[in-house]
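# Residue-level structural notes
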Amino acid sequence: MASILKVDTITGVATAGSIAITGEGNSTTTNLQQGLAKVWCAFNGTGTIAVRDSFNTASLTDNGTGTHTVNYTSAIATVEYAVTTSHQENQVNCCYVGPTVSSVRVDSRNDAGTYSDIDHKTAVAHGDLA
């Protein structure tokens with residue numbers, strides 16, 4: 001029989017903010033907090049820029065054609081974190097540049113290497129919060 005556990009807070013025993021869970025295959029454990037996205041932002045990058053949906057995003061800055069900065073509400077602990085970027089247009093490359101503990105710049109260029117505004121950009125950051 002399946003069970004349902006409903007709680008508002010889960011706290012680790014050894015360390016309050018660290019919960020280990022059994023991973024796939026039942027042979028290893030993984031840290032729940034380390035696997036969660038700490039920031040994500042889906043936004044429109046053409047015309048008047050706008051955040052469509054986000055988590056831990058304070059604001060979005062339009063730096064000019066094809067370049068935007070996602071500013072975090074809560075900082076990441078170190079600049080050594082992973083960022084994933086994506087977009088929903090053909091013929092455009094999207095990448096991140098110069099992450100700081102409080103923001104990441106997301107650039108978009110077309111196949112000719114020219115900065116290009118595109119719609120539906122997303123940036124996701126994985127790391128430890130400060």
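Residues numbered from 1 in each chain as written. Predicted model: local features only at pLDDT ≥ 70, side-chain atom pairs only at ≥ 80, totals over all residues. Heavy atoms only, no water.

On to the pairing of strand S3 (residues 39-44). Counting buried positions over the six residues of S3 gives five, a clear majority of the element. Where S3 and strand S4 (residues 50-55) come together, five bridges link them in antiparallel fashion. By the bridge assignment for S4, Asn44 is matched with Ala50. (Buried < 20%, exposed > 50% of the residue type's maximum accessible area, 1.4 Å probe, protein only. Helix = DSSP H or I, 4+ residues; strand = E, 2+ residues; numbered from the N terminus. Pairing = 2+ DSSP bridges.)

For strand S6 (residues 67-72) and strand S9 (residues 103-110), the ladder comprises five bridges, and the chain directions are antiparallel. From the neighbouring strand, Asn71 faces S9, where its bridge partner is Ser103. Where strand S8 (residues 92-97) lies against S9, six bridges are found, and the strand directions are antiparallel. Within S9, the position partnered with Cys95 by the bridge is Asp107. The turn joining S8 and S9, which pair antiparallel and follow one another in sequence, is formed by five residues; a positive phi near 50° is taken by Gly98.

Side chains of Leu5, Val7 and Ile10 sit close together on the surface and give an oily, nonpolar patch of about 340 Å² of accessible area. As for its placement among the helices and strands, Ile10 is situated in the segment before strand S1 (20-22). The exposure class of Ile10 is exposed, given its relative accessible area of 58%. (Patch = residues over 30% accessible without salt bridge, like charges linked within 9 Å, V, L, I, M, F, W, Y side chains within 5 Å. Areas by Shrake-Rupley, 256 points an atom, 1.4 Å probe, with all protein chains shown as cover. Salt bridge = Lys/Arg side-chain N within 4 Å of Asp/Glu carboxyl O.)

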